[in-house]
Amino acid sequence: MTEAGLVGADGAVTGGARALLRLEGLALFAAMIVLYASRGGPWWLFAVLFLAPDLSFAAYLAGARLGAAAYNAVHTTAAPIVLMIAGSAFDQALTVSIAIIWLAHIGIDRALGYGLKYAGGFNLTHLGRIGKAAS
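Below: a short report on this structure. (Residues numbered from 1 in each chain as written. Predicted model: local features only at pLDDT ≥ 70, side-chain atom pairs only at ≥ 80, totals over all residues. Heavy atoms only, no water.)

Regarding the packing of helix H1 (residues 15-39) against helix H5 (residues 93-111)
Step number 1: At their nearest, the axes of H1 and H5 sit 7 Å apart, and the two run at 150 degrees to each other. As far as their axial angle goes, H5 and H1 are roughly antiparallel. Here H1 runs over H5; the crossing is left-handed. Within the contact between the two elements, H1 uses Leu 21, Arg 22, Gly 25, Leu 26, Leu 28, Phe 29, Met 32, Leu 35, Tyr 36 and Arg 39 and H5 uses Ala 93, Val 96, Ser 97, Ile 100, Ile 101, Leu 103, Ala 104, Ile 106, Gly 107, Ile 108, Arg 110 and Ala 111.
Step number 2: Class assignment for the residues of the contact of H1 with H5 results in 16 nonpolar, three polar and three charged. (Axes fitted to C-alpha atoms, helices over the stretch in contact; angles between N-to-C directions. Helix = DSSP H or I, 4+ residues; strand = E, 2+ residues; numbered from the N terminus. Parallel < 35°, antiparallel > 145°, perpendicular 65-115°, else oblique. Left-handed = near helix turned anticlockwise from the far one by under 90°. Contact = heavy atoms within 4.5 Å. Nonpolar A, V, L, I, M, F, W, Y, C, P; charged D, E, K, R; others polar.)

Section: the nonpolar core
Step number 1: Among the nonpolar cores identified, the biggest contains 14 residues, and Met 32, Tyr 36, Phe 46, Phe 50, Met 84, Ile 100 and Ile 101 are the most heavily contacted of them.
Step number 2: Going through the elements one at a time, H1, helix H2 (43-49) and H5 are the ones with two or more residues in this core. (Core = buried A, V, L, I, M, F, W, Y, C linked by side-chain atoms within 4.5 Å. Buried < 20%, exposed > 50% of the residue type's maximum accessible area, 1.4 Å probe, protein only.)

With respect to the pairing of strand E2 (residues 121-125)
Remark: a regular strand shows side chains that alternate across the two faces of the sheet.
Step number 1: As judged from the two bridges shared by strand E1 (residues 117-118) and E2, these two strands associate in the antiparallel manner. Each bridged residue has a counterpart across the sheet, and for Tyr 118 the counterpart in E2 is Gly 121.
Step number 2: Here E2 pairs with strand E3 (residues 128-129) via two bridges, running antiparallel. Its bridge partner being in E3, Leu 124 is matched across the sheet by Arg 129.
Step number 3: The turn joining E2 and E3, which pair antiparallel and follow one another in sequence, is formed by two residues. (Pairing = 2+ DSSP bridges.)

Take it as geometry only, folks, not as evidence of what the structure does.
Given below as structure tokens:
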């Protein structure tokens, strides 16, 4: 471990910092659910789009490096935050709803321990190994 035990040899955050990142993800998910409900967005749209960011998994068919890059591109908060700002600025309710759903997806992924991917393989994330590799 490096950084006084905060980062494992595989580059994953450990200990209390990992727990805080997962809690932060849960908070983001909960906040987006409350925001979506308060805006009166259609729940069918939420259900249809909630797992859409996971379509980025398909990029792993082209290799781990491209797969990780595609996955990370749609599993960071920057793009949906920009989308939410643009939707708000131009009074586009559907755009804001899409951004909220996207952020909710990212939040629940983090809460469940699905972190950003390393190019070494799908199971290697900044929050630790996932799947069979976690055992």
